[in-house]
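These are the residues of each chain, in order.
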Amino acid sequence: MARTLGLLPQHPTAPDGITVRDLVGRGRYPYQGLFRSWSTEDERAVLEALSATDTLELAERNVDELSGGQRQRVWIAMALAQETDVLLLDEPTTYLDLAHQVEVLDLITDLNRQRGTTVAIVLHDLNLAARYADHVIAMKDGRIVAEGTSTEVITEDLVKTVFGLACRVTPDPVSGAPLIIPLCPHHAHPVPAATTSLELVP
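Cut-offs used in this document
- Residues numbered from 1 in each chain as written.
- Predicted model: local features only at pLDDT ≥ 70, side-chain atom pairs only at ≥ 80, totals over all residues.
- Heavy atoms only, no water.
- Helix = DSSP H or I, 4+ residues; strand = E, 2+ residues; numbered from the N terminus.
- Buried < 20%, exposed > 50% of the residue type's maximum accessible area, 1.4 Å probe, protein only.
- Contact = heavy atoms within 4.5 Å.
- Core = buried A, V, L, I, M, F, W, Y, C linked by side-chain atoms within 4.5 Å.
- Pairing = 2+ DSSP bridges.
- Phe/Tyr/Trp six-rings, centres within 6.5 Å; stacked < 30°, edge-to-face > 60°.
- Lys NZ or Arg CZ within 6 Å of the ring centre and 35° of its normal.
- Axes fitted to C-alpha atoms, helices over the stretch in contact; angles between N-to-C directions.
- Patch = residues over 30% accessible without salt bridge, like charges linked within 9 Å, V, L, I, M, F, W, Y side chains within 5 Å.
- Areas by Shrake-Rupley, 256 points an atom, 1.4 Å probe, with all protein chains shown as cover.
- Salt bridge = Lys/Arg side-chain N within 4 Å of Asp/Glu carboxyl O.
- Lys, Arg positive; Asp, Glu negative; His and termini not counted.
- Charge placed at Lys NZ, Arg CZ, Asp CG, Glu CD.

Broken down by element type, the protein carries 7 helices and 7 strands. Order of helices (α) and strands (β) in the protein, N terminus to C terminus: β-α-α-α-β-α-β-α-β-β-α-α-β-β. Expressed along its principal axes, the backbone C-alpha trace of the protein runs to roughly 70 × 40 × 30 Å. Sorting the 202 residues of the protein into buried and exposed places 36% on the buried side. Expressed as a percentage of contacts within the protein between residues at least 6 apart in sequence, the contacts between residues at least 24 apart total 57%.

What follows is the structure in structure tokens.
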């Protein structure tokens, strides 16, 4: 089963003191039989997974020394090293900044397009889901509310129904996918610029 289905839970836990290379190498355990030792194929899979997730330079570091974003990329690398036909990811972009969110989802898209890997992802960022998903399933209270393409599913009415959020949905100028713009009551009465401060930290 583990050679067919890869799973990355939302809050995975690594053993104390394990290095990045060793953790990613655990993705190869399904291929280790009783008499089969570590092979060049295993090494290739691990190195490719580390390279694809931009974690190769972290290979000898302990996982518990990493930042949240680095740790998340390492877990994704372990899932990639498993080289399964189906990959289930629960909030894989958690802890990642915007640039790495896009990089990870681009990587997952490449897996789907180039390797034919079937990928199912739980995402709460609707704009990312709309941009990357071929098929979208919207759920509320454990039941399916709608499913189909992002254009079919992500509408102003659905966002209001599922998330209780008033919004406008417009085509993304880059991808053409639905782009959700929340409606905030504060925007109807803007606060003077001199009293508003927002700092963006990468």
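Before going further, it helps to examine the nonpolar core. Soluble, globular proteins show a tendency: their nonpolar side chains are buried together. Ranked by internal contacts, the top residues of the largest apolar core, which has 32 residues, are Val20, Leu23, Val24 and Leu80. Among the secondary structure elements, those contributing two or more residues to this core are helix 1 (20–25), helix 2 (40–52), helix 3 (68–81), strand 2 (86–90), helix 4 (98–115) and helix 5 (126–132). Counting residues per element, this core draws most heavily on helix 3, at 8 residues. If we skip the residues at most four places from it in the chain, Val20 touches Leu50, Thr55, Leu58, Ala59, Arg61, Val63, Leu66 and Val74. The next biggest cluster of nonpolar side chains, apart from the first, holds 12 residues, and it includes Ala130, Ala138, Ile154 and Val162.

Looking at chain direction, strand 6 (residues 167–171) and strand 7 (residues 178–182) are connected through 5 bridges and run antiparallel. Of the residues in strand 7, the one forming a bridge with Cys167 is Pro182. Here strand 6 folds back onto strand 7 in antiparallel fashion, the turn holding 6 residues, of which Gly176 has a positive phi close to 85°.

It is worth spelling out the packing of aromatic side chains at this point. Evaluated as defined, the whole model comprises 0 aromatic pairs. Taking NZ or CZ as reference, Arg28 lies 4.1 Å from the ring centre of Tyr31, over its face.

What follows deals with the sheet that holds strand 2. Strand order in the open sheet formed by 3 strands is 1-2-3, with parallel pairing between adjacent strands. Where the open sheet ends on each side, the last strands, each with one partner, are strand 1 (5–8) and strand 3 (118–122). Looking at each pair of strands side by side, their axes are set apart by 10° on average, direction ignored. In this sheet, strand 2 lies alongside strand 1 in parallel orientation, the contact comprising 4 bridges. The residue bridging Gly6 from the neighbouring strand is Leu87, located in strand 2.

Another aspect to go through is a negative patch on the surface. On the surface, a cluster of negative charge is made up of Asp97, Glu103, Asp106 and Asp110. Among the structural elements, Glu103 can be located in helix 4.

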